[in-house]
Amino acid sequence: MTLIDPEKQPGDVASGVASTMEDMGTDAIMVGGSTGVTQENLDTTVKGIKSVVEIPVILFPAGADTISRHADAIYFMSMLNSRTTRLLVGEQVQASKTIKDLGLETISMGYVIVEPGMKVGEVGRANPLPRDDPELAVNYALAAEFFGMDLFYLEAGSGAPAPVPFEIVRAVGEEVSIPLVVGGGIRDGRSARDLVEAGADVLVTGTAVERTRDLASLKEILDAIKRGNR
Ligand code: 1GP
């Protein structure tokens, strides 16, 4: 899945990126960011993307105050290792009636920040999961599964110098039945392939798409994912 942060570019640029990524084989567009998302830039971005792609556009929300009616679905997510109840359940309680009234499909997701966690770890006041503790990662993932969540997401943070360690992905993949999403710091085909082989079901890339504008390396990442999933 391709993550597009509405703060990072004007709406027309975001639509162009989404359309290129769809042509290259990405399966969904996620829209969101930890800071600087406004109702206006979110609506413009989502609406623009929806007008050019066929694949689902899913909100990746930072909180209850920015939800767009133009999306296909929203991650109804809980940051399981946040120190604040706000991101565990507070924002979700605040958003639930709006989501129902807008008729947005919800996809429930347990979200865990792995070191270094970057901006989202700071803003979310996470106790980041240590990179050498696969056992704790499995415990979180099983908790998400037993809560009945649809997905479990391991997040190293956007722009992280390295992705979530393969050992953590492997341990979670072996023990847990719900789909495993991995994101943060994935910038080349090799790490994408290794993560998929370790057990990731979905990879999320944001920075690679924003920064490189290097279509060849993006294609390499997507091809590696598709090959690994076969
Ligand atoms: C952020 O995991 C995503 O939530 C994407 O991270 O920007 O490092 O690809 P990158």
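Rules of the game
Residues numbered from 1 in each chain as written. Predicted model: local features only at pLDDT ≥ 70, side-chain atom pairs only at ≥ 80, totals over all residues. Heavy atoms only, no water. Helix = DSSP H or I, 4+ residues; strand = E, 2+ residues; numbered from the N terminus. Buried < 20%, exposed > 50% of the residue type's maximum accessible area, 1.4 Å probe, protein only. Areas by Shrake-Rupley, 256 points an atom, 1.4 Å probe, with all protein chains shown as cover. Lys, Arg positive; Asp, Glu negative; His and termini not counted. Charge placed at Lys NZ, Arg CZ, Asp CG, Glu CD. Core = buried A, V, L, I, M, F, W, Y, C linked by side-chain atoms within 4.5 Å. Contact = heavy atoms within 4.5 Å. Near = heavy atom within 4 Å. Polar contact = N/O pair within 3.5 Å; in protein donor to acceptor, adjacent residues only side chain to side chain. Nonpolar A, V, L, I, M, F, W, Y, C, P; charged D, E, K, R; others polar. Phe/Tyr/Trp six-rings, centres within 6.5 Å; stacked < 30°, edge-to-face > 60°. Expected span 1.5 Å × (residues − 1). Arc of directions from axis to C-beta.

Asker: Talk me through the overall build of the chain; I want residue IDs and the actual numbers.
Answerer: In terms of regular secondary structure, the chain is built from 9 helices and 8 strands. Viewed in the frame of its principal axes, the chain has a C-alpha envelope of about 40 × 40 × 30 Å. Within the chain, the fraction of its 230 residues that count as buried is 53%. Only carbon and sulfur atoms are counted for the fraction: they give 50% of the accessible area of the chain, which is about 10400 Å². Positive and negative side-chain charges in the chain, numbering 21 and 33 respectively, have mean positions lying 3 Å apart.

Asker: Which residues make up the nonpolar core, and what values do they have?
Answerer: Ranked by internal contacts, the top residues of the largest apolar core, which has 60 residues, are Ile49, Phe152, Leu154, Val172 and Leu203. Excluding residues within four positions of it along the chain, Leu154 makes contact with Val112, Val114, Val164, Ile168, Val172, Leu180, Val181, Val182 and Gly183. Judged by nonpolar contacts, the second largest core, of 21 residues, contains Leu3, Met30, Met79 and Met109.

Asker: Would you mind going over the site of the ligand in detail, with residue names and values included?
Answerer: Around the ligand sit 14 residues, and of these Glu155, Ser158, Gly159, Gly206 and Thr207 come closest. Backbone polar atom of Gly206 to an oxygen atom of the ligand: 2.7 Å apart, as the coordinates give it. Protein chains shield 97% of the accessible area of the ligand, which is 310 Å² for the free molecule. The class makeup of the residues in the shell around the ligand is 4 nonpolar, 9 polar and 1 charged.

Asker: Can you lay out the packing of aromatic side chains for me, pointing to particular residues and giving the numbers?
Answerer: Taken as a whole, this structure holds 4 aromatic pairs when the rule is applied. Between Phe60 and Tyr75, the aromatic rings sit 6.2 Å apart at their centres with planes inclined by 85°, giving edge-to-face as the arrangement. Remark: Tyr75 occurs in strand S4 (residues 73-79) and Phe60 occurs in the loop between strand S3 (57-59) and S4; sequence separation between them is 15 residues. An identical accessibility class is assigned to Phe60 and Tyr75; each is buried.

Asker: Please set out helix H5 (residues 134-146) residue by residue, giving values where relevant.
Answerer: Under the 1.5 Å per step criterion, the end-to-end length of H5 is 18 Å for 13 residues, consistent within 8% with the ideal 18 Å. Within the span of H5, buried status applies to Ala137, Val138, Ala141, Leu142 and Ala144. Angularly, the buried residues of H5 cover 155° about the axis, an arc narrow enough to put them on a single face. Those residues of H5 that are exposed and angled more than 90 degrees off the buried face are Glu135 and Phe146. Buried residues along H5 sit against strand S5 (105-113), strand S6 (151-155) and helix H6 (166-175). Gly148, located one to two residues past H5, shows a positive phi value of around 90°.

Asker: Explain the environment of Met118 to me, using residue names and the numbers behind them.
Answerer: Looking at the element boundaries, Met118 is found in helix H4 (residues 118-123). Classification of Met118 as partly exposed rests on a relative accessible area of 29%. Counting along the chain gives 78 residues from Met118 to Val196, while the straight-line C-alpha distance between them is 23 Å. Those residues in contact with Met118, other than ones at most four positions away along the chain, are Ala156, Gly157, Ser158, Gly159, Ala160 and Pro161.

Asker: Just give me the short version of the side chain of Ser78, but keep the residues and values in it.
Answerer: Tracing the backbone through its elements, the reader meets Ser78 in strand S4. According to the relative accessible area criterion, Ser78 is buried, its value standing at 8%. Contacts of Ser78, omitting those with residues within four sequence positions, involve Leu87, Leu88, Gln92, Met109, Gly110, Tyr111 and Met149.

Asker: Describe in detail unusual backbone geometry, supporting the description with residues and values.
Answerer: Here the residue pair Glu115 and Pro116 is connected by a cis peptide bond, since its omega of 10° sits within 30 degrees of zero. When you line up the elements, Pro116 lands in the loop between S5 and H4. The phi dihedral of Arg125 is positive, around 45°, even though this residue is not glycine. The topology assignment puts Arg125 in the loop between H4 and H5.

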